Amino acid sequence: MENGPKLTDLYIEYAAGITDAPQLYSQWMGYLILSSVINKNIYMKGGFRNLHPNFFFLIVGPSSIYRKSFSQDLAVSIIQEIIADYQFHDVSSREAFISELARNDRTLPGCGLITIDEMAGFMGRMKNSHHFQGMIQDLSTLFTGSSLYRRVGISEKEKQEFRVDNPFVNLTAACSFDWLTKAVETSDLTGGFLARFLWIVAADKEGEHWSEEKAGDAMLRSRIIARLMEIRDLLGEATWTPEAKKRGDKWYSDFRTRNQ
């Protein structure tokens with residue numbers, strides 16, 4: 001395996017040659033790429049079960065000029081070169097999503113990525129449309145990697161049963177500051193769903209502002225793809241390094257103090 005810069009650093013460099021989106025977005029989209037490619041191959045022990053590195057990300061920034069959706073799409077384009085059918089394309093209803101998730105002909109059955117350009121609209125549909133009834137519960141279940149069983153349809157002719165064991169689902173969504181400050185109800189924050197997200201908040205955009213994206217470094221992209229192909233074949237249990245364990249314990253201590 002190639003030595004040298006971390007893969008996430010290579011991706012940040014690559015993204016910086018294409019878009020003027022905040023580097024913070026590219027950093028975390030790099031983690032999304034790694035997570036998607038590693039998938040369930042690498043795990044850590046968490047009590048009685050294995051923990052896998054799936055993420056729910058919420059990219060936050062001012063509307064229009066921060067390239068939130070573009071940052072997501074750029075990361076997805078890299079993932080698709082490794083796993084062509086990794087992205088879930090039909091989240092137009094709860095039934096459509098479950099049926100796609102349960103397909104056995106996917107490269108990685110029960111695994112994939114949901115991409116949401118505008119979280120405000122998606123949350124509105126999940127809360128107010130009967131086509132999405134129960135989907136917040138489904139996504140919360142999938143975040144934990146717990147098996148999902150659902151029966152959809154009413155009549156005997158239309159009724160279908162779906163079961164997905166050991167799912168691995170990543171989700172990345174974008175939203176504006178306006179939605180966070182005005183449209184998010186208290187129940188959204190305390191209900192547990194949005195608490196599962198890592199919020200990637202960029203309040204300031206440094207450097208030159210571009211009017212359009214650029215082509216990027218094709219050789220650097222190929223180098224990133226080659227590194228990911230190597231990582232895809234890794235298998236086994238991961239463990240904390242002493243420094244990572246120390247940082248993790250400190251984060252949890254701070255998190256618990258804030259919530260108390």
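Basis of the calculations
Residues numbered from 1 in each chain as written. Predicted model: local features only at pLDDT ≥ 70, side-chain atom pairs only at ≥ 80, totals over all residues. Heavy atoms only, no water. Helix = DSSP H or I, 4+ residues; strand = E, 2+ residues; numbered from the N terminus. Rg over C-alpha atoms; globule rule 2.2 N^0.38 Å. Buried < 20%, exposed > 50% of the residue type's maximum accessible area, 1.4 Å probe, protein only. Contact = heavy atoms within 4.5 Å. Areas by Shrake-Rupley, 256 points an atom, 1.4 Å probe, with all protein chains shown as cover. Lys, Arg positive; Asp, Glu negative; His and termini not counted. Charge placed at Lys NZ, Arg CZ, Asp CG, Glu CD. Patch = residues over 30% accessible without salt bridge, like charges linked within 9 Å, V, L, I, M, F, W, Y side chains within 5 Å. Salt bridge = Lys/Arg side-chain N within 4 Å of Asp/Glu carboxyl O. Axes fitted to C-alpha atoms, helices over the stretch in contact; angles between N-to-C directions. Parallel < 35°, antiparallel > 145°, perpendicular 65-115°, else oblique. Left-handed = near helix turned anticlockwise from the far one by under 90°. Nonpolar A, V, L, I, M, F, W, Y, C, P; charged D, E, K, R; others polar. Pairing = 2+ DSSP bridges. Phe/Tyr/Trp six-rings, centres within 6.5 Å; stacked < 30°, edge-to-face > 60°. Core = buried A, V, L, I, M, F, W, Y, C linked by side-chain atoms within 4.5 Å.

**Structural notes on the overall build of the chain**
Phase 1: For the chain, the helix and strand inventory stands at ten helices and nine strands.
Phase 2: A globule of 260 residues ought to have a C-alpha radius of gyration of about 18 Å, and the chain, at 19 Å, matches this closely.
Phase 3: Projecting the C-alpha coordinates of the chain onto the three principal axes gives extents of approximately 55 × 45 × 45 Å.
Phase 4: Within the span of the chain, comprising 260 residues, buried residues form 41% of the whole.
Phase 5: Long-range contacts, defined here as pairs at least 24 residues apart, represent 75% of the contacts in the chain between residues at least 6 apart.
Phase 6: Accessible surface for the chain amounts to roughly 14500 Å². Of this, 51% is attributable to carbon and sulfur atoms.
Phase 7: Charged side chains in the chain number 30 positive and 33 negative. The centres of these two groups are separated by 6 Å.

**Some remarks on a nonpolar patch on the surface**
Phase 1: Nonpolar side chains collect at one region of the surface, where Trp251, Tyr252 and Phe255 lie side by side and expose about 350 Å² of accessible area between them.
Phase 2: Here Trp251 lies in helix α10 (residues 242–259).

**As for the packing of helix α1 (residues 7–16) against helix α2 (residues 23–38)**
Phase 1: Relative orientation of the contacting elements α1 and α2 amounts to 130°, with a least axis distance of 9 Å. Considering their axes alone, α1 and α2 lie oblique with respect to each other. In this structure, α1 meets α2 at a crossing whose hand is right-handed. Of α2, the residues touching α1 (which contributes Leu7, Thr8, Tyr11, Ile12 and Ala15) are Gln23, Ser26, Gln27, Met29, Gly30, Tyr31, Ile33 and Leu34.
Phase 2: Considering only residue class, the contact of α1 with α2 consists of eight nonpolar, five polar and no charged.

**Some details on the pairing of strand β4 (residues 111–116)**
Phase 1: Of all six residues that make up β4, six are buried, and the element is covered over most of its length.
Phase 2: Covered by surrounding structure in β4 are Cys111, Leu113 and Thr115 together with Gly112, Ile114 and Ile116, the residues of both alternating faces.
Phase 3: Examined bridge by bridge, β4 and strand β7 (residues 168–175) share six bridges and lie parallel to one another. Bridge pairing in β7 places Leu113 opposite Asn170.

**Describing the sheet that holds strand β9 (residues 236–237)**
Two modes of strand pairing occur in sheets, parallel and antiparallel, and in both the strands are linked by backbone hydrogen bonds.
Phase 1: Spatial ordering of the open sheet is given by β2-β1-β9, a layout of three strands whose pairing is mixed. Two strands bound the open sheet, and with one partner strand each, they are β2 (49–51) and β9.

**Digging into the pattern of salt bridges**
Phase 1: Scanning all chains against the criterion turns up eleven salt bridges.
Phase 2: Across the pair Arg67 and Glu213 runs a salt bridge whose closest N-O atoms are separated by 3.7 Å. One end of the pair, Arg67, is in the loop between β3 (56–60) and α3 (68–82); the other, Glu213, is in the loop between β8 (198–201) and α9 (218–232), and 146 residues separate them in sequence.
Phase 3: Under the relative-accessibility criterion, Glu213 is labelled partly exposed at 30%.
Phase 4: Ionic pairing is found between Asp254 and Lys250, a salt bridge with its closest N-O pair at 3.0 Å.

**Concerning the packing of aromatic side chains**
Phase 1: Scanning the entire structure with this criterion turns up ten aromatic pairs.
Phase 2: For the pair Phe56 and Phe143, a centre-to-centre distance of 4.9 Å together with 65° between the ring planes defines the contact as edge-to-face. Within this pair, whereas Phe56 is found in strand β3, its partner Phe143 is found in helix α6 (residues 135–143), the two being separated by 87 residues in sequence.
Phase 3: With 5.3 Å between their ring centres and 85° between their planes, Phe193 and Phe197 make a pair best called edge-to-face. Pair check on accessibility: Phe193 and Phe197 agree, each one buried.
Phase 4: Members of the aromatic cluster, each reached through a chain of ring pairs, are Trp28, Tyr31, Phe55 and Phe57.

**Section: the sheet that holds β4**
Phase 1: If you trace the four strands from one edge of the open sheet to the other, you get β4-β7-β3-β8, paired in parallel fashion. Where the open sheet ends on each side, the last strands, each with one partner, are β4 and β8. Across the sheet, the mean angle from the axis of one strand to that of its neighbour is 15°, orientation sign disregarded.
Phase 2: Summarising the sheet, β3 and β8 pair through four bridges and their orientation is parallel.

**As for the nonpolar core**
Phase 1: Residues Tyr11, Tyr14, Met29, Ile78, Ile224 and Leu228 are the most contacted members of the largest nonpolar core, which totals 35 residues.
Phase 2: Breaking this core down by element, the ones donating at least two residues are α1, α2, β3, α3, β4 and α9.
Phase 3: Ranked by residues supplied to this core, first place goes to α2 with seven residues.
Phase 4: Excluding residues within four positions of it along the chain, Met29 makes contact with Tyr11, Phe57, Ile59, Ser71, Gln72, Ala75, Thr172 and Ile200.
Phase 5: Counting 30 residues, the second largest nonpolar core, distinct from the first, contains Phe132, Leu139, Cys175 and Phe197.

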